[in-house]
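Each chain is listed here by its residues.
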Amino acid sequence: QQQVKQSPQSLIVQKGGISIINCAYENTAFDYFPWYQQFPGKGPALLIAIRPDVSEKKEGRFTISFNKSAKQFSLHIMDSQPGDSATYFCAASEIWNSGGYQKVTFGIGTKLQVIP
Amino acid sequence: EADIYQTPRYLVIGTGKKITLECSQTMGHDKMYWYQQDPGMELHLIHYSYGVNSTEKGDLSSESTVSRIRTEHFPLTLESARPSHTSQYLCASSESGTANYGYTFGSGTRLTVV
């Protein structure tokens, strides 16, 4: 059972367009929501993250929108470029054992292809 | 540029061999993790560590074992490799403390057991 549901699994966007990837969760104990970007042959790299006390966070062309009541968050990539072609993972994190352990649940991933 | 190093990057070995995948980080992070990532992309936690001499099994059952004798080093061992162990293994670490932090991942070891 997926605790973090990510969609779509693949996405093709024209260069200059907006890429949108959506994630939904059920566990209200999650309190940190990072996005990771993974290029072929590399490990995932932290791209941007948000905590539930804000509704939006923007870093350059990347924006996270967060809707706490709907338990949904999304990644928007503005002016998408071929270099953005990668797999994107959303994740949700909670603290266990009085801070001893950070449990992260990953989405299934979205393979983004930006075509010229 | 990488602060977390995994070796080897690629490994092809025969069934029944013992292997150790190395993972080292230079950031002084207490928390370290091993994930298994299959071609279908999903990441599954197989082991984690809070600090030296602390190791726990993750969500995905794995025949591998880990050790944490030094803060910076978190090796994963398979005593007897099988074709079902063929996968990509990713090591990660995160900052110490009681809050949530992002992970720093290594580049992974792609293991093929023939």
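Anything mentioned here points back to the structure above.
Each value, and the rule that gives it
Residues numbered from 1 in each chain as written. Chains lettered and ligands numbered in written order. Predicted model: local features only at pLDDT ≥ 70, side-chain atom pairs only at ≥ 80, totals over all residues. Heavy atoms only, no water. Pairing = 2+ DSSP bridges. Helix = DSSP H or I, 4+ residues; strand = E, 2+ residues; numbered from the N terminus. Salt bridge = Lys/Arg side-chain N within 4 Å of Asp/Glu carboxyl O. Buried < 20%, exposed > 50% of the residue type's maximum accessible area, 1.4 Å probe, protein only. Phe/Tyr/Trp six-rings, centres within 6.5 Å; stacked < 30°, edge-to-face > 60°. Lys NZ or Arg CZ within 6 Å of the ring centre and 35° of its normal. Polar contact = N/O pair within 3.5 Å; in protein donor to acceptor, adjacent residues only side chain to side chain. Contact = heavy atoms within 4.5 Å.

**Observations concerning the sheet that holds strand β8 (residues 76–78) of chain B**
Residues and elements named next belong to chain B. Strand order in the open sheet formed by four strands is β1-β3-β8-β7, with antiparallel pairing between adjacent strands. In this open sheet, the two strands that pair with only one neighbour each are β1 (4–7) and β7 (65–66). Pairing of β7 with β8 involves two bridges; the strand directions are antiparallel. By the bridge assignment for β8, T65 is matched with T77.

**A few points about unusual backbone geometry**
Among all residues save glycine, negative phi is the norm, and among peptide bonds the norm is trans. A cis amide bond links S7 of chain A to the next residue, P8 of chain A, at an omega of -5°. When you line up the elements, P8 of chain A lands in the loop between β1 (4–7) and β2 (10–14). Note the cis peptide between T7 of chain B and P8 of chain B, where omega equals -10°. Topologically, P8 of chain B is positioned in the loop between β1 and β2 (10–13). Even without being a glycine, D79 of chain A presents a positive backbone phi close to 45°. Within the chain, N53 of chain B stands out as a residue other than glycine whose phi angle is a positive 65°.

**Remarks on the pattern of salt bridges**
When the charged atoms of two side chains with opposite charge come close together, those side chains can pair. Residue and element names in this part refer to chain B. Tallying each qualifying case throughout the model produces seven salt bridges over all chains. Salt-bridge contacts for E63 lead to R82; the nearest nitrogen and oxygen are separated by 2.9 Å. With E63 in the loop between β6 (54–57) and β7 and R82 in the loop between β8 and β9 (87–94), the pair connects residues that are 19 residues apart, well separated along the chain. Residue classification places R82 among the partly exposed residues on the basis of a relative accessible area of 38%.

**As for the packing of aromatic side chains**
By the definition in use, this model includes 18 aromatic pairs over all chains. When the centroid spacing of 5.9 Å and the interplanar angle of 55° are considered together, the rings of Y103 of chain B and F105 of chain B count as tilted. The pair formed by Y103 of chain B and F105 of chain B is uniform in burial state, with each residue classed as buried. Put simply, the rings of Y25, F30, F33, W35, F66 and F73 of chain A touch in pairs and so form one group of aromatic residues. Above the ring of F74 of chain B, the side-chain terminus of R68 of chain B is found at 5.8 Å from the ring centroid.

**Concerning the pairing of strand β4 (residues 33–38) of chain A**
The side chains of a regular strand alternate between both faces of the sheet. All names here are of chain A. The buried fraction of β4 amounts to six of the six residues, a majority that puts the element mostly inside the structure. With burial as the criterion, each face of β4 is covered, one bearing F33, W35 and Q37 and the other bearing P34, Y36 and Q38. Bridging between β4 and strand β5 (residues 45–50) involves five bridges; their strand directions are antiparallel. From the neighbouring strand, W35 faces β5, where its bridge partner is I48. Turn length for the β4-β5 hairpin, with the two strands adjacent in sequence and antiparallel, is six residues, and the turn residue G41 shows positive phi of about 80°. As paired elements, β4 and strand β9 (residues 86–96) share four bridges and run antiparallel to each other. In the sheet register, Q37 faces β9, and the bridge partner there is Y88.

**Here's the deal with the side chain of Q37 of chain A**
Residue and element names in this part refer to chain A. By secondary structure assignment, the location of Q37 is in strand β4. For Q37, a relative accessible area of 13% puts it in the buried group. In terms of polar contacts, Q37 uses its side chain to reach the side chain of Y88, at 2.9 Å. Discounting residues that sit within four places of it in the chain, Q37 has contacts with G43, P44, A45, L47, D84, A86, T87 and Y88.

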